[in-house]
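The chain contents come next:
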Amino acid sequence: MELLTTNNVWMMLCAALVFFMHLGFSFLEIGLTRQKNTINILFKNFFIITMGLITYCLIGFNLMYPGDFNIIGNGILGFAGPGLDAAVAADLAYNEGYTYWTDFLFQGMFAATAGTIISGAVAERIKINSFMLIVLLYVTIVYPIVGSWQWGTGFLSTLTDDVGFYDFAGSTLVHSVGGWGALVIIYLLGARKGKFDTNGKPLAIPGSNIPLSAAGVLILWLGWFGFNGGSVLSADPANTSLVLVTTCLAAAAGGLGAAIFSGLLYKNLDITMFMNGVLGGLVGITAGADQMGPTEAIAIGAVGGIVVVLGVALLDKCKLDDPVGAIPVHLFAGIWGTVAVGLFGASAGFDQFMVQLASTGIVGAFCVISTLIIALIVKSIMGLRVSEDEEIKGLDLSEHGTGAYGDFSMR
Amino acid sequence: MELLTTNNVWMMLCAALVFFMHLGFSFLEIGLTRQKNTINILFKNFFIITMGLITYCLIGFNLMYPGDFNIIGNGILGFAGPGLDAAVAADLAYNEGYTYWTDFLFQGMFAATAGTIISGAVAERIKINSFMLIVLLYVTIVYPIVGSWQWGTGFLSTLTDDVGFYDFAGSTLVHSVGGWGALVIIYLLGARKGKFDTNGKPLAIPGSNIPLSAAGVLILWLGWFGFNGGSVLSADPANTSLVLVTTCLAAAAGGLGAAIFSGLLYKNLDITMFMNGVLGGLVGITAGADQMGPTEAIAIGAVGGIVVVLGVALLDKCKLDDPVGAIPVHLFAGIWGTVAVGLFGASAGFDQFMVQLASTGIVGAFCVISTLIIALIVKSIMGLRVSEDEEIKGLDLSEHGTGAYGDFSMR
Amino acid sequence: MELLTTNNVWMMLCAALVFFMHLGFSFLEIGLTRQKNTINILFKNFFIITMGLITYCLIGFNLMYPGDFNIIGNGILGFAGPGLDAAVAADLAYNEGYTYWTDFLFQGMFAATAGTIISGAVAERIKINSFMLIVLLYVTIVYPIVGSWQWGTGFLSTLTDDVGFYDFAGSTLVHSVGGWGALVIIYLLGARKGKFDTNGKPLAIPGSNIPLSAAGVLILWLGWFGFNGGSVLSADPANTSLVLVTTCLAAAAGGLGAAIFSGLLYKNLDITMFMNGVLGGLVGITAGADQMGPTEAIAIGAVGGIVVVLGVALLDKCKLDDPVGAIPVHLFAGIWGTVAVGLFGASAGFDQFMVQLASTGIVGAFCVISTLIIALIVKSIMGLRVSEDEEIKGLDLSEHGTGAYGDFSMR
Amino acid sequence: MKKIEAIIRKSKFDEVVSALHDAEVYFFSYWDVTGVGNEKIGQVYRGITYSTQDIQRRYLSIVVSDSFVDATVDAIIKSGATGNVGDGKIFILPCEEAYRIRTGEKGNKSFN
Amino acid sequence: MKKIEAIIRKSKFDEVVSALHDAEVYFFSYWDVTGVGNEKIGQVYRGITYSTQDIQRRYLSIVVSDSFVDATVDAIIKSGATGNVGDGKIFILPCEEAYRIRTGEKGNKSFN
Amino acid sequence: MKKIEAIIRKSKFDEVVSALHDAEVYFFSYWDVTGVGNEKIGQVYRGITYSTQDIQRRYLSIVVSDSFVDATVDAIIKSGATGNVGDGKIFILPCEEAYRIRTGEKGNKSFN
Ligand SMILES: Nc1ncnc2c1ncn2[C@@H]1O[C@H](COP(=O)(O)OP(=O)(O)O)[C@@H](O)[C@H]1O
Ligand SMILES: Nc1ncnc2c1ncn2[C@@H]1O[C@H](COP(=O)(O)OP(=O)(O)O)[C@@H](O)[C@H]1O
Ligand SMILES: Nc1ncnc2c1ncn2[C@@H]1O[C@H](COP(=O)(O)OP(=O)(O)O)[C@@H](O)[C@H]1O
């Protein structure tokens, strides 16, 4: 009981920290986009967190942790029925690491995160109603199903007889899932007007509020104390503290890696690369935060940072427009982190490596296909993208009837 | 001892989260008002939190928890003497949920909150010195007295023989208390120049920094983990985690409720309504956060959000000017949440409902009368409102000699 | 084990809060400087926290807690070898208050703080590369060495036979260390163009974003829950909660002290003084937070606030230019707090007072000399200050190739 | 055609606009400028008291046909004056031609 | 020499600039103003619907030699028009002299 | 009466103002504009290097009586030049009348 109390305190606070990441995401996205789309971004993020919690309560939680895979067997699809179960909650023997309520809350905060990742990438041009519909379906259905395959003890968790997929806190299950969705939708959406010139050369669209972005990154880092620390699923002192150390060292290394690498590449000290690099380090360590020591964490983080810098350039090359770098951070560094579990740390090995690769592929394929289906249906019903006129005016005025910075004067 | 340690850790962290709400309030208020009154708002909020802690230490704590109602009996007024008592503090048997010091700190952070609620409503036109005087008296005297009636085990806690007033974390004792004060003062102050046209039609005065407001709301939501979670007064795993779940679901439902309702009403996706709705949901659930299940929490939150939207319109109708929506959120949703304890959840019932209503009325009457007395005295001594000239120039320049956004250019 | 778990949870959360202080510092500095140097400040702060953690892991931690003073005996200099030691970490008997990993993390977050203090004072004119080099050396070498003298049980901790230096959480070891470094460098750098007129009269260079500064201060205050609360080095309920109470009361008194004092002095309600005063109160109480009762805390805080106001004026008199008030806050209030341990509270006394004074002097001398050496070497290699042209254009454009507030228009 | 440039107090803007309306001047452009003139305002920042002559003002640019000039000037002077130093100026500049971008129309009818 | 003042939609700015380039007008200054004219836009804030005639526009100030005036005006009208109310105006003012600060040169050659 | 419009580097503003003072020109208005001219500055953002001709400048609007024009122009050219491309321009426009809003005075005495 004493231990449950302590564990549960830790888990509740981790849930609070993960909740707080939604402010981090909002700030990051607002800061890296133009002032005229600020309210739109905030609206989307408020929608995600509120809708996300409610639908996770009604459907998602029991889809992700079905107990029994009663719809499609072999660990593929199950549903334990709608809503939360007060009877289960009453039994404190539920788990010695947390209560039923805490479990729901922690997992619910995670769920919303996957939607937020999409939000950043599609900023400044998506129709708000279409976005809300897509993300509702994604967070309520796609995310929990993928989650059930591993964390709900589905087929990925025992992919081969000897080795199961390993994804400690969700480099793949949360970050890549969000990232794949984002990638598909920005491909369908097309780039913002002004992002590429008539020759396809990428142009700069500087962010409107870098201090808020930087704050967003630091808040996200703080949130990762809960995201990874809580994924220990108890307050076990050895594990939690190791995880926090690897998390922070990877974040630091990711930032420095990206700053130095982009500094050499572009002869410029770019704070937005520094910031994205920190996030790349964090996403990178997430899959194996409890498997690594300090040195491995620094290595994984640094590579994560470099991956992000290269990823930003790659998207530009491919004429894909991701205003905030969500895809380099969450998808590319997420894949890196996932396979890194096979390369470094306690469970490194060829088999593990192959399982990590395979699982990445399986999850990717499922996410891409389901996003395509959802997005194309939504597109055919109500369209995806605002008109050129609305885009120029800005989504704040055209979708929300007012601007974000009342009496400031703008260029 | 182990349990005390854990409980106390939780309570200290809850106190920290409630403290952090002061940043939330500051951001919310700054963002929804004009740039020219920003420093003024910050100054008021800094004053409230610093003055609030000091006077609560000197007077408030022992007025709110007098032990003995030694001044007016029957649970009406007592005072245990000035200052904190190191001797009591030394005894760890004080309470198994927290130490004496933690008790003071947690309660002290609450006290300041009530003052902050007033701050938002009166923004952009009140004289800073008058404000400071009013809020000093309100926080130091009115708030603790009302608090003593219930949390200090005064007469409200045993209002009828069978049923006492129930207000888990302060829908009435904190939020409505602040809200009543705000209502009286904005009535005395009058509306901001430009808020109503010559025909009494309300005009829009858009906020200057919506991202900060949105951040404020998310910070307040985070703070509510401590506000409600700490009101369990221990880290009891079942209760604390249930409370966090009901709190978060009500917040989410409040936001969605307000967004959808105002969307239908005004054909516009208004982020400020979304934000205020989240707060309405939070205030609404506060009285009964430990009495409800998830479904009740969602219902209470959603209605709270709708109450806020209607409340904003009602104030406009009444030609009352509350720039940040403090009264709809804290007073109207606070009343809703208080009576909802009689309608939903574990202690619902006719008697409870009547007690809730009666207590709401008693507290309201006391707050209105005492605010009137305080405000009228202050008005007669030093006036309440700045001159029209100062209002146009902005309080930052006229009361604080400088502006808040140095080299930004303004419209 | 249960107790270790609880203690460790507390210490990890305190580490998280201290980490969060880096956002506080960033906001504070950004807000009090001009918009054209914003990215530069953020870049410096991101550099400090990321570099700080990595070098503290590689070198600093084992320089600060060498165990054995194996290089220069008598508690002067020791080094336990590079990197962290997984073997030590594996033993949970390491300490009953926290694990090895937590120990590193908490101390690592502290280390970076000292560098951040310098960052603020030198803002708006230092070359970014020179700054990074200086701060790298300072955080990696100077800070841990000084720390080892006291917290690493070096010679200061047993300065005389009877009485050792007392510095609970680092008024001297963290804040003054940062402050001395800052003082030396701003002396070498010279004032910003436009800070003094041709007659040496100080001019005002108003900050660009006071709301962010205010947020920074509240975040720092929150961080101090961890900074001081964690310095108990366990979750001991009596000590931690007392420390939080003295910390918060000192902060409140510092703010009020500075606001009232500067109000009387300058006939103006200056929010920046209020803010700096809060910080002065916090720095002031840091040395003796566990030694004081509420009354002493209020006294120490209030004087701390006044010291800051006087310190700001003193620097102006001396034609030293510290845009954010880092030196009044961290150095002057840090000295005050250190000597106050000899004047108030549990260990007050003449001997203690003298030891506090002497230690302040020893640390000061060492910091000044080592900063001088580092800074002069860096100056001779690469210069310290940007060209006048770059300063006028702003460091964002000249050092980072882009501005911080994309589409805002500036004066 | 004349171009009337008026530099007024920001706080008088609403009154000036409604006076212009009464004078049947409905179309114009404005922006905010800093004025350096006789007026001074005192400011304080971190203990440094300073007075600045740089004051935020609003700049109105109004093109009118010749017959409207006097009425417009009158309207601004009446509505924009407080009697204190710093009320601002009005300048009249010749304007040779005007076009409406939408239609290409030119002359007086383009701006009414 | 003439000073051409054009008030255009912000959204048309890029097109106007490239049309000016085609007309060999490479140098000018611009800033943002609020225009009060025929156009109205609806806004909503906290349940209050209002329509504002105050619309953000961009103000271009271009000094050209007399021979360039027509081409410049043409370019702006062609590129800046949407056909909807609110496309803006062009005003032509006489300019008596021009100097290049860098060299002190004056006359037409100072601004080309 | 003339209206002098000067477009200068923001970094030269303080020097220009004190040169104007020396030339006994104490009253004017200014605002910030973006200048498009010969000067280019390189920028980098997220790995994209670009050069912009859009440069922040300060626009001074000074109405003076005819006898002050030369001194004013001189003062600006002397204090505002760095010798590098991008120092800016001065334009002289005719101004037909001036009023002081406070008093209604007109002519030269209204702006001194
Ligand atoms: N010669 C001028 N050229 C341009 N603007 C001027 C001139 N003189 C005054 N102004 C503008 O008019 C404003 C008011 O002028 P000021 O001299 O302060 O007051 P008053 O007109 O009441 O004497 C100044 O702030 C400035 O913006
Ligand atoms: N007389 C005027 N003086 C100065 N600016 C004007 C004048 N008339 C119109 N403008 C500017 O031109 C803009 C467009 O004018 P408007 O009347 O709305 O549309 P349109 O020219 O298509 O009829 C206005 O917003 C305003 O900025
Ligand atoms: N014809 C013009 N009309 C209006 N403004 C101009 C004109 N030519 C130049 N300018 C302004 O002057 C600034 C400096 O001009 P630029 O050609 O860059 O340098 P320089 O005058 O040294 O050759 C430009 O940025 C622009 O603001």
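Description of the structure in this document. (Residues numbered from 1 in each chain as written. Chains lettered and ligands numbered in written order. Predicted model: local features only at pLDDT ≥ 70, side-chain atom pairs only at ≥ 80, totals over all residues. Heavy atoms only, no water.)

## What about the site of ligand 3?
For step 1, the next point in the chain: Around ligand 3 sit 22 residues in total, of which R100(E), R102(E), R57(F), G86(F) and K89(F) are the nearest.
For step 2, the next point in the chain: For ligand 3, an oxygen atom lies 2.7 Å from a polar atom in the side chain of R57(F).
For step 3, the next point in the chain: Protein chains bury 99% of the 550 Å² of accessible surface belonging to ligand 3 in isolation.
For step 4, the next point in the chain: Elements with a contribution of two residues or more to the shell around ligand 3: β2 (28-45) and β3 (48-64) of chain E together with β2 (28-45) and β4 (88-94) of chain F.
For step 5, the next point in the chain: Examining the composition of the shell around ligand 3, we find that five residues originate from one element, β2(F), more than from any other.
For step 6, the next point in the chain: The class makeup of the residues in the shell around ligand 3 is nine nonpolar, seven polar and six charged. (Near = heavy atom within 4 Å. Polar contact = N/O pair within 3.5 Å; in protein donor to acceptor, adjacent residues only side chain to side chain. Areas by Shrake-Rupley, 256 points an atom, 1.4 Å probe, with all protein chains shown as cover. Helix = DSSP H or I, 4+ residues; strand = E, 2+ residues; numbered from the N terminus. Nonpolar A, V, L, I, M, F, W, Y, C, P; charged D, E, K, R; others polar.)

## So, the relation of the copies chain D and chain E
For step 1, the next point in the chain: For these two chains of identical sequence, chain D goes onto chain E by a turn of 120° and a shift of 0.0 Å along the axis, with RMSD 0.0 Å. Taken together, the rotation and translation describe the operation of a three-fold axis. It is P94(D) whose C-alpha, among those of chain D, lies nearest the rotation axis, at 4.2 Å.
For step 2, the next point in the chain: The fraction of interface residues of chain D whose copies in chain E are also interface residues is only 14%, indicating that the copies meet through different surfaces. (Least-squares fit on C-alpha atoms with pLDDT ≥ 70 in both. Contact = heavy atoms within 4.5 Å.)

## Details of the interface of chain A and chain B
For step 1, the next point in the chain: At the interface, 52 residues of chain A touch 54 residues of chain B.
For step 2, the next point in the chain: Taken together, both faces of the contact between chain A and chain B bury some 4400 Å²; the carbon and sulfur share is 81%.
For step 3, the next point in the chain: When the buried surface of chain A facing chain B is broken down by residue, F46(A), D407(A) and F408(A) rank first, second and third, together holding 17% of it.
For step 4, the next point in the chain: Our count for the chain A to chain B interface comes out at zero salt bridges.
For step 5, the next point in the chain: Contributing elements (two or more residues each) for the side of chain A that touches chain B: α1 (2-31), α2 (38-64), α4 (100-121), α5 (128-150) and α14 (395-400) of chain A.
For step 6, the next point in the chain: With 16 residues, the single largest contributor to the side of chain A that touches chain B is α1(A).
For step 7, the next point in the chain: For the side of chain A that touches chain B, the per-class residue count stands at 33 nonpolar, 16 polar and three charged. (Buried area = accessible area lost by both parts, 1.4 Å probe. Salt bridge = Lys/Arg side-chain N within 4 Å of Asp/Glu carboxyl O.)

## Re the pairing of β3(E)
All names here are of chain E.
For step 1, the next point in the chain: Bridge count between strand β1 (residues 2-9) and β3: eight bridges; the pairing is antiparallel. Within the sheet, the bridge partner assigned to R9 lies in β3 and is R57.
For step 2, the next point in the chain: Inspection of the sheet shows β2 paired to β3 by 13 bridges, in the antiparallel sense. Paired with V33 across the two strands is R57, which belongs to β3. (Pairing = 2+ DSSP bridges.)

## Examining helix α6 (residues 171-189) of chain B
Residue and element names in this part refer to chain B.
For step 1, the next point in the chain: In this model, α6 (19 residues) spans 25 Å end to end at C-alpha, consistent with the 27 Å of a helix rising 1.5 Å per residue.
For step 2, the next point in the chain: Most of α6 is tucked away: 17 of the 19 residues are buried.
For step 3, the next point in the chain: At the C-terminal side of α6, G190 shows a positive phi close to 85°. (Expected span 1.5 Å × (residues − 1). Buried < 20%, exposed > 50% of the residue type's maximum accessible area, 1.4 Å probe, protein only.)

## Considering the interface of chain D and chain E
For step 1, the next point in the chain: Chain D puts 22 residues into the contact, and the matching count from chain E is 31 residues.
For step 2, the next point in the chain: Here chain D and chain E share an interface that buries about 2300 Å² over both sides, 60% of which is from carbon and sulfur atoms.
For step 3, the next point in the chain: On the chain D side of the interface with chain E, the three residues burying the most area are Y99(D), I101(D) and R102(D), jointly 34% of the side's total.
For step 4, the next point in the chain: Two residues, K3(D) and E5(E), come together in a salt bridge whose shortest N-O distance is 2.8 Å.
For step 5, the next point in the chain: Remark: the boundary between chain D and chain E carries ten residue pairs in polar contact (both at pLDDT 80 or more).

## Re the packing of aromatic side chains
For step 1, the next point in the chain: Counted according to the given criterion, the structure contains 87 aromatic pairs over all chains.
For step 2, the next point in the chain: When the centroid spacing of 6.1 Å and the interplanar angle of 75° are considered together, the rings of F110(A) and W151(A) count as edge-to-face. Here the residue F110(A) occupies a position in helix α4, and W151(A) occupies one in the loop between α5 and α6 (171-189), the gap between them amounting to 41 residues.
For step 3, the next point in the chain: Ring geometry for W221(A) and F19(C): centres 4.6 Å apart, planes at 45°, overall tilted. Separated into two different chains, W221(A) in helix α7 (residues 210-229) and F19(C) in helix α1 (residues 2-32) make up a pair that spans both. When sorted by exposure, W221(A) lands in the same class as F19(C), which is buried.
For step 4, the next point in the chain: Of the aromatic side chains, those joined through ring pairs into one cluster are Y56(A), F61(A), Y65(A), Y94(A), Y98(A), Y100(A), W101(A) and F104(A).
For step 5, the next point in the chain: Note that K195(A) overlies the ring of F196(A), its terminal NZ or CZ placed 5.8 Å from the centroid. (Phe/Tyr/Trp six-rings, centres within 6.5 Å; stacked < 30°, edge-to-face > 60°. Lys NZ or Arg CZ within 6 Å of the ring centre and 35° of its normal.)

## Some remarks on the site of ligand 1
For step 1, the next point in the chain: Looking at ligand 1, there are 22 residues lining it, with R57(D), G86(D), K89(D), R100(F) and R102(F) nearest.
For step 2, the next point in the chain: Proximal residues around ligand 1 fall on chains D and F, making this an inter-chain site.
For step 3, the next point in the chain: One of the backbone nitrogen or oxygen atoms of E39(D) is found 3.1 Å away from an oxygen atom of ligand 1.
For step 4, the next point in the chain: Contact distances for ligand 1 include 2.7 Å between an oxygen atom and a side-chain N or O atom of K89(D).
For step 5, the next point in the chain: Contact with the protein chains covers 100% of the free accessible surface of ligand 1, which is 550 Å².
For step 6, the next point in the chain: Sorting the residues of the shell around ligand 1 by element identifies β2 (28-45) and β4 (89-94) of chain D together with β2 and β3 (48-64) of chain F as the ones contributing at least two each.
For step 7, the next point in the chain: The leading source of residues in the shell around ligand 1 is β2(D), at five residues.
For step 8, the next point in the chain: Residue composition of the shell around ligand 1, grouped by class: nine nonpolar, seven polar and six charged.

## A few points about the environment of I134(C)
Residues and elements named next belong to chain C.
For step 1, the next point in the chain: You can see I134 is positioned in helix α5 (residues 128-150).
For step 2, the next point in the chain: For the pair I134 and I374, spaced 240 residues apart in sequence, the C-alpha to C-alpha distance is 6.4 Å.
For step 3, the next point in the chain: When near neighbours in sequence (up to four residues on either side) are disregarded, I134 contacts I185, I374, A375, V378 and L384.

## Considering the side chain of N8(B)
For step 1, the next point in the chain: Within the secondary structure, N8(B) is located in helix α1 (residues 2-32).
For step 2, the next point in the chain: Sequence-distant contacts of N8(B), that is, excluding residues within four places in its chain, are made with G97(B), Y98(B), T99(B), T102(B), P237(C), T240(C) and S241(C).

## Looking at the pattern of salt bridges
For step 1, the next point in the chain: Tallying each qualifying case throughout the model produces 48 salt bridges over all chains.
For step 2, the next point in the chain: For D321(B), the salt bridge goes to R192(B), with nearest N and O atoms at 2.8 Å. Of this pair, D321(B) sits in the loop between α10 (294-317) and α11 (326-343) while R192(B) sits in the loop between α6 and α7 (210-229), and the two are 129 residues apart along the sequence.
For step 3, the next point in the chain: Relative accessible area serves as the criterion here: at 5%, R192(B) is assigned to the buried category.
For step 4, the next point in the chain: Taking the shortest distance from any N to any O, the salt bridge between D87(D) and R9(D) comes out at 2.8 Å. Placement of the pair is D87(D) in the loop between α2 (69-80) and β4 and R9(D) in strand β1 (residues 2-9), with a sequence separation of 78 residues. Neither residue differs from the other here; D87(D) and R9(D) are each classed as buried.
For step 5, the next point in the chain: Each of K3(D), E5(D), K3(E), E5(E), K3(F) and E5(F) takes part in one network of salt bridges that share partners.

## Observations regarding the environment of A252(B)
For step 1, the next point in the chain: By secondary structure assignment, the location of A252(B) is in helix α8 (residues 237-266).
For step 2, the next point in the chain: The class of A252(B) is buried, set by a relative accessible area of 0%.
For step 3, the next point in the chain: C-alpha of A252(B) to C-alpha of D103(B): the two residues are 149 residues apart in sequence and 30 Å apart in space.
For step 4, the next point in the chain: Contacts of A252(B), omitting those with residues within four sequence positions, involve T50(A), L53(A), I54(A) and W221(B).

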